[in-house]
Amino acid sequence: MQSVLIVVELFVSAGLILVIMLQRSEGGALGMGGGGGSGLGGLFSPRGAADTLTRTTGILALLFFLTCLGLNLIALRGHDERSILDTPTSTSGQTAPKSAAPANNPAPAVPTPH
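The structure reproduced in this document is the subject of the present report. Given the structure is predicted, the values throughout are model-derived calculations rather than measurements. Position labels on residues start from 1 in each chain and follow its written sequence. The predicted nature of this model means local features are confined to residues of pLDDT at least 70 and side-chain atom pairs, given and counted, to a pLDDT of 80 or more, with totals for whole chains, interfaces and linings taken over all residues. Neither water nor hydrogens contribute to the side-chain values; these are computed over all heavy atoms in the structure.

Here's the deal with the side chain of Thr57
For step 1, the next point in the chain: Segments assigned H or I by DSSP are reported as helices when at least four residues long, segments assigned E as strands when at least two residues long, and all are numbered from the N terminus. Turning to its location among the elements, Thr57 is positioned in helix H2 (residues 46-75).
For step 2, the next point in the chain: Throughout, a residue-residue contact means that at least one pair of heavy atoms, one from each residue, lies within 4.5 Å. Here Thr57 is in contact with Leu16, Val19, Ile20 and Gln23, once residues within four sequence places are set aside.

Written as structure tokens, this is what we have:
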């Protein structure tokens, strides 16, 4: 399933790049139809091409978002879902070392120099 979504993601991203590169800046779009509008507002008029490319960009962007979301959900499926707030913390990041001698035994006497 993950392989299929990755292939779909690659095709959608390539199509999105292609459609965005076809659009002319400043809202002119592809400018198909020889520059002279027929007045009918058809598909290949400048306005029709702009509407088609804008709609195609929106659809491809939605597909890209959905495939990204699907890939993230697949990747998170096997992970342990615990909160970072559930783990105990310490101030230094390490636990304090325990002493080797029990606390109830007195320390050995220090010899005095003669």
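Describing helix H1 (residues 2-22)
For step 1, the next point in the chain: Spanning 21 residues, H1 covers 30 Å between terminal C-alpha atoms, matching the ideal 30 Å at 1.5 Å per step.
For step 2, the next point in the chain: Inspection of H1 places Leu5, Glu9, Val12, Leu16 and Val19 among the buried residues, and these make up the whole buried set. Seen along its axis, H1 keeps its buried residues to an arc of 100°; they face one direction. Along H1, the residues that are exposed and aim more than 90 degrees away from the buried face are Ser3, Leu10, Phe11, Ile17, Leu18 and Met21. Take the number of residues in a helix, subtract one, and multiply by 1.5 Å to get its expected span. Burial classification: accessible surface area is computed with a 1.4 Å probe over protein chains only, and a residue below 20% of its type maximum counts as buried, one above 50% as exposed, and the rest as partly exposed. In this context, the arc is that of the directions from the helix axis out to the C-beta atoms.

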